[in-house]
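Given next are the chains, with one letter for each unit.
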Amino acid sequence: MTTAETPQVRSAVQALPAYVPGRPPETRPGVTTYKLSSNENPYPPLPGVLEAAAEAAATMNRYPDMGCSALYAALAERLGVPAGHLAAGTGSVAVLYHLLQAFCETGDEVVYAWRSFEAYPIAVAVTGATSVRVPLTAGARHDLDAMAAAITERTRVVIVCSPNNPTGPAVTRTELEAFLDRVPTRVVVVLDEAYREFVRSEDVFDGVEVYRDRPNVVAMRTFAKAYGLAGFRVGYVVAPEPIAAAVRACALPFGVSSIAQAAAVASLAREDELLERVDAIVAERDRVVSALREQGWDVPDAQGNFVWLALGERTGAFAAAAEEAGVMVRPFAGEGARVSIGEPAGNDVLLGVTAAFR
Ligand SMILES: *Cc1c(COP(=O)(O)O)cnc(C)c1O
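Residues numbered from 1 in each chain as written. Predicted model: local features only at pLDDT ≥ 70, side-chain atom pairs only at ≥ 80, totals over all residues. Heavy atoms only, no water.

A.B. asks: Pulling in residues and values, what's your account of the packing of helix H12 (residues 315-325) against helix H13 (residues 344-357)?
C.D. replies: As a packed pair, H12 and H13 sit with axes 10 Å apart at the nearest point and diverge in direction by 135°. Regarding the angle of H12 to H13, the classification is oblique. The handedness of the crossing between H12 and H13 is right-handed. Of the residues in H13, those touching H12 at Ala 317, Phe 318, Ala 321, Ala 322 and Ala 325 are Val 349, Leu 350, Val 353, Thr 354 and Phe 357. Partitioning the contact of H12 with H13 into residue classes produces nine nonpolar, one polar and no charged. (Axes fitted to C-alpha atoms, helices over the stretch in contact; angles between N-to-C directions. Helix = DSSP H or I, 4+ residues; strand = E, 2+ residues; numbered from the N terminus. Parallel < 35°, antiparallel > 145°, perpendicular 65-115°, else oblique. Left-handed = near helix turned anticlockwise from the far one by under 90°. Contact = heavy atoms within 4.5 Å. Nonpolar A, V, L, I, M, F, W, Y, C, P; charged D, E, K, R; others polar.)

Shown next as structure tokens:
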């Protein structure tokens, strides 16, 4: 064979930024380590959930229910929506990929705040569409006026991340409704509510309530955070029927495993116990935020299960100091570090690091 032409990866794919996962700690003799780098739930699975998953594992030779019927039935009942308004996938990130695939192509635009969830630029770029990133305000909040102003004829989708990962503040209901009134109804608005169970601020919106009155609004939720199923990969959208159907049409066949479906259904049945754990995490979050502020840190309003430290150029040094003490954080070079709320002992180690680093 002579020098043959090589297969050409699409230019949009060649230019994709890498998703940087939160690093796990390395085991070190004599040091207790804490993974506070991925916003995971620190609690182990509830017994009933584990048993449901184990039971589903017994039939792993069979394909899962492609229609996710038990999961859709449980969610429809829980949320008071028709099952046809649901579309699940292997994590809400996958559902977002499917939604963007359904609505965007080369030349289209997707508007979102920045800095926000690092999966957004990748998911948008895969479709060939262009990201329009609207800077956060000084308080690390969404600038919804600027986001509305950034919408053009080419805009197909707007993503609102509330609470915002990695900075923490939530969008209020009043702000959101005023914003939605300005968005043309041909533009899909995705409300990424990955951390909604942790929100305790006033005037909070409920994406499922908002979607009921608006033909272009989608509530996107996940079992990865409050429900503690990050390792099983299951998330979903609640959307008007045509949008939900388009997302389901783009989804991978048999994407959500039978184990994940069973665990998600069992988690919904044990929601009360799970939400008690969420309350404990929220109490820890508020304790950590107060302690940080007492130490002199300027922490944005924290409504998720994480806090944001705007360290700027000191971010790398801080992450290294935290790692030395046994705590893994998620650094964003030159900007800041996101630290998940973990078990109290891990949070205490973090507070020791922040006190020394001030
Ligand atoms: C963690 C997270 C998700 C959920 O991702 P999964 O794919 O469901 O694990 C979605 N959006 C944001 C902003 C997140 O931080």
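A.B. asks: Give me helix H7 (residues 173-182): which residues, what numbers.
C.D. replies: Turning to H7, its buried residues are Leu 176, Phe 179 and Leu 180. The buried residues of H7 occupy one face: seen down the axis, they fall within an arc of 100°. Of the exposed residues in H7, those oriented more than 90 degrees away from the buried face are Thr 174 and Asp 181. Buried residues in H7 make contact with helix H6 (144-149), strand E5 (155-161), strand E6 (188-192), helix H8 (207-212) and strand E7 (217-222). (Buried < 20%, exposed > 50% of the residue type's maximum accessible area, 1.4 Å probe, protein only. Arc of directions from axis to C-beta.)

A.B. asks: Any chance you could break down H13 for me, citing the residues and the numbers?
C.D. replies: Across its 14 residues, H13 extends 20 Å between first and last C-alpha, which sits within 8% of the 20 Å expected from 1.5 Å per residue. Looking at the packing, one finds that the buried side of H13 touches strand E1 (34-35), helix H11 (271-294), strand E9 (306-309), H12, strand E10 (327-328) and strand E12 (336-340). (Expected span 1.5 Å × (residues − 1).)

A.B. asks: With reference to specific residues and values, describe the packing of aromatic side chains.
C.D. replies: Taken as a whole and assessed by the stated rule, the structure comprises eleven aromatic pairs. Ring centres of Tyr 112 and Trp 114 lie 5.9 Å apart, and the angle between their planes is 70°; on these two criteria the pair is classed as edge-to-face. For Trp 114, a relative accessible area of 18% gives the class buried. Three or more aromatic residues joined by ring pairs form one cluster here, namely Tyr 19, Tyr 112, Trp 114, Phe 117 and Tyr 120. (Phe/Tyr/Trp six-rings, centres within 6.5 Å; stacked < 30°, edge-to-face > 60°.)

A.B. asks: Could you give me a rundown of the sheet that holds strand E4 (residues 130-135), with the residues and numbers involved?
C.D. replies: Spatial ordering of the open sheet is given by E2-E8-E7-E6-E5-E3-E4, a layout of seven strands whose pairing is mixed. Strand pairing shows two members of the sheet lacking a second neighbour, strand E2 (86-89) and E4, which therefore form its edges. Averaged over all neighbouring strand pairs, the angle between strand axes comes to 25°, with direction disregarded. Alignment of strand E3 (residues 109-114) against E5, held across four bridges, turns out to be parallel. From the neighbouring strand, Tyr 112 faces E5, where its bridge partner is Ile 159. Across the face of the sheet, helix H5 (residues 119-127) comes into contact with E3, E4, E5 and E6 while running at roughly 170° to E3. (Pairing = 2+ DSSP bridges.)

A.B. asks: Describe the site of the ligand, with residues and values.
C.D. replies: Of all residues adjacent to the ligand, which total 13 residues, the nearest are Ser 92, Asp 192, Tyr 195, Thr 222 and Lys 225. Interatomic distance of 2.7 Å between a side-chain N/O atom of Asp 192 and a nitrogen atom of the ligand. Isolated, the ligand exposes 390 Å² of accessible area, and the fraction of that covered by the protein chains is 94%. If you map the ligand onto the pockets, it falls in the largest pocket. A per-class count over the shell around the ligand returns six nonpolar, four polar and three charged. (Near = heavy atom within 4 Å. Polar contact = N/O pair within 3.5 Å; in protein donor to acceptor, adjacent residues only side chain to side chain. Areas by Shrake-Rupley, 256 points an atom, 1.4 Å probe, with all protein chains shown as cover. 1 Å grid on protein atoms, 1.4 Å probe; cavity = no way out; pocket = protein on both sides within 12 Å on 5 of 7 lines; lining within 4 Å. Sits in = over half its atoms within 2 Å of the grid points.)

A.B. asks: Before we move on, can you summarise empty space enclosed by the protein with the specific residues and values?
C.D. replies: Applying the stated criterion to the full structure yields three cavities of 30 Å³ or more. Computed from the structure, the largest cavity encloses a volume of approximately 60 Å³. Lining the largest cavity, in full, are Asn 41, Tyr 43, Pro 44, Pro 45, Leu 46, Val 49, Tyr 227, Gly 228, Leu 229, Ser 267, Leu 274 and Arg 277. For the lining of the largest cavity, a count of residues per class yields eight nonpolar, three polar and one charged. Looking at the second largest cavity, its volume works out to about 50 Å³. Taken together, Ser 162, Pro 163, Ala 170, Val 171, Glu 193, Arg 196, Val 199, Val 204 and Phe 205 make up the full set of residues lining the second largest cavity. Looking at the lining of the second largest cavity residue by residue, the classes come out as six nonpolar, one polar and two charged. (Points joined across faces, edges and corners; volume = space filled by probe spheres on them.)

A.B. asks: An account of the sheet that holds strand E11 (residues 330-332) is needed here, citing residue identities and associated values.
C.D. replies: Spatially, the three strands line up as an open sheet ordered E9-E12-E11, and their pairing is antiparallel. Edge strands, defined here as strands with exactly one partner in the open sheet, are E9 and E11. For this sheet, the mean inter-axis angle between neighbouring strands, taken without regard to orientation, is 20°. Note that E11 and E12 share three bridges and pair antiparallel. Considered in E12, the bridge of Phe 332 is made with Gly 336.

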